[in-house]
Amino acid sequence: MYIETRFCGPDGSGNGGYVAGLLAGHVSAGTVTVTLRLPPPLATPLSVTQEDERGHSVRLWHGELLIAEALAGAIVVPPVPPVPYEAALEAAEKFRTTENHPFPRCFVCGPDREPGDGLRLEPGPVGEGTVASPWTPDGAAGPETVWAALDCPGGWAFDPAGRPAVLGTMTAQVADLPAAGEQCVVMGLARTREGRKLHAATAAYGADGRLLGRAEQIWIEIDPDRFRP
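These notes cover the structure that comes with them.

Scoring rules and cut-offs
- Residues numbered from 1 in each chain as written.
- Predicted model: local features only at pLDDT ≥ 70, side-chain atom pairs only at ≥ 80, totals over all residues.
- Heavy atoms only, no water.
- Pairing = 2+ DSSP bridges.
- Helix = DSSP H or I, 4+ residues; strand = E, 2+ residues; numbered from the N terminus.
- Disulfide = S-S within 2.5 Å.
- Salt bridge = Lys/Arg side-chain N within 4 Å of Asp/Glu carboxyl O.
- Buried < 20%, exposed > 50% of the residue type's maximum accessible area, 1.4 Å probe, protein only.
- Core = buried A, V, L, I, M, F, W, Y, C linked by side-chain atoms within 4.5 Å.
- Contact = heavy atoms within 4.5 Å.
- Polar contact = N/O pair within 3.5 Å; in protein donor to acceptor, adjacent residues only side chain to side chain.

## A short note on the pairing of strand 3 (residues 57–62)
Pairing between strand 2 (residues 47–50) and strand 3: four bridges, direction antiparallel. Across the sheet, the residue bridging to Ser47 is Trp61, located in strand 3. Hairpin connection from strand 2 to strand 3: six residues lie between these consecutive antiparallel strands, with Gly55 at a positive phi of about 75°. Across six bridges, strand 3 lies against strand 4 (residues 65–72) in antiparallel orientation. Among the inter-strand pairings, Arg59 is bridged to a residue of strand 4, identified as Glu69. Where strand 3 folds back on strand 4, the antiparallel hairpin that results is connected by two residues, among which Gly63 adopts a positive phi of roughly 65°.

This is the structure in structure tokens:
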């Protein structure tokens, strides 16, 4: 497995949702739980090992370093309900990134990315602990792109600009893929806080209201200096 440089989250590290989506593609299950153990290195050959005969468990390695684990998972709670696309557009205007985005070149939500280079999601508040972002894919989106879109809105539901956090664990399922140019909405919901662990949920919807994918997440508050190259 190889993570191109453009798919970063923090500088020098792969975007958690995108990497998780790539690894989930090696698991023979519709719902997959991915746990990130170390920051995924960019532009570096990585190896994937299958841990059981059914293909329900795999691991991602950088040499002898365990980067991530993925296994068949389950989601039992209903998906975060959507808001209209127009409401997501209004929420995006409140996206708090002008001076204190923790990872401004993030593939998913980085404001420093050019259109067509990053997803440029802007999750803004639409209710208590709830954010929404419009998302219009520039081109064909694979399952790993939906996983990526489902990543950052969960963290922004807790306002990581004030207390930076990175994705630790993500359980996701992709139900459908958006078309290029489709006006989609991605939701994020802050569920609970447990010390440095933040429990969130996300969901993505197509222009016709169909569920594209959903996820449950655990975010970990961190020292951002750890992720500076």
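After presenting the structure, the write-up continues.
## Remarks on the environment of Ala165
With respect to the helices and strands, the residue Ala165 is situated in strand 7 (residues 165–174). Between the C-alpha atoms of Ala165 and Asn100, which are 65 residues apart in sequence, the distance is 13 Å.

## Considering unusual backbone geometry
The backbone phi angle of Ala43 is positive, close to 50°, even though this residue is not glycine. As for its position among the elements, Ala43 is in the loop between strand 1 (31–36) and strand 2. At Arg120, a residue that is not glycine, the phi angle is positive and equals roughly 55°. With respect to the helices and strands, the residue Arg120 is situated in the loop between helix 2 (85–92) and strand 5 (124–127).

## Description of the state of the cysteines
If you walk through the whole model with that rule in mind, you get zero disulfides. Of all cysteine sulfurs, the one in Cys152 lies closest to Cys106, which takes part in no disulfide; the gap is 3.7 Å.

## Topic: the pairing of strand 10 (residues 211–221)
Bridge count for strand 7 against strand 10 is nine bridges, and the pairing is antiparallel. Residue pairing in the sheet places Val174 in a bridge with Gly213 of strand 10. Looking at chain direction, strand 9 (residues 197–205) and strand 10 are connected through nine bridges and run antiparallel. Along strand 10, the bridge assignment pairs His199 with Ile218. As consecutive antiparallel partners, strand 9 and strand 10 are separated by five residues, and within that stretch Gly209 has a phi angle of approximately 85°, a positive value.

## Here we look at the pattern of salt bridges
All told, the structure shown has 10 salt bridges when counted by the stated rule. The partner of Asp117 in a salt bridge is Arg6, and the shortest N-O contact between them spans 3.4 Å. Taken together, the residues Asp117 in the loop between helix 2 and strand 5 and Arg6 in the segment before helix 1 (16–24) connect sequence positions 111 residues apart. The salt bridge involving Glu221 is made with Arg193; its shortest N-O contact spans 2.6 Å. Of the two residues, Glu221 sits in strand 10 while Arg193 sits in strand 8 (residues 184–194), which places them 28 residues apart along the sequence. For Glu221, a relative accessible area of 10% translates into the label buried. Its relative accessible area of 39% is what places Arg193 among the partly exposed residues. Through salt bridges with shared partners, a single ionic network connects Asp176, Glu182, Asp208 and Arg210.

## Section: the nonpolar core
The biggest cluster of nonpolar side chains holds 51 residues, and the ones touching the most others in it are Val34, Val108, Leu119, Trp135 and Trp147. Once residues lying within four places of it in the same chain are set aside, the contact partners of Leu119 are Phe107, Val108, Trp135, Thr145, Ala148 and Ala149. Listed in part, the nine residues of the second largest apolar core include Tyr85, Ala201, Ala203 and Tyr205.

## Brief notes about the side chain of Thr33
Within the secondary structure, Thr33 sits in strand 1. The class for Thr33 is buried, based on a relative accessible area of 15%. There is a polar contact of 2.7 Å between the side chain of Thr33 and the side chain of Thr171. If sequence neighbours within four positions are ignored, Thr33 has contacts with Glu69, Ala70, Leu71, Gly73, Thr169, Met170 and Thr171.

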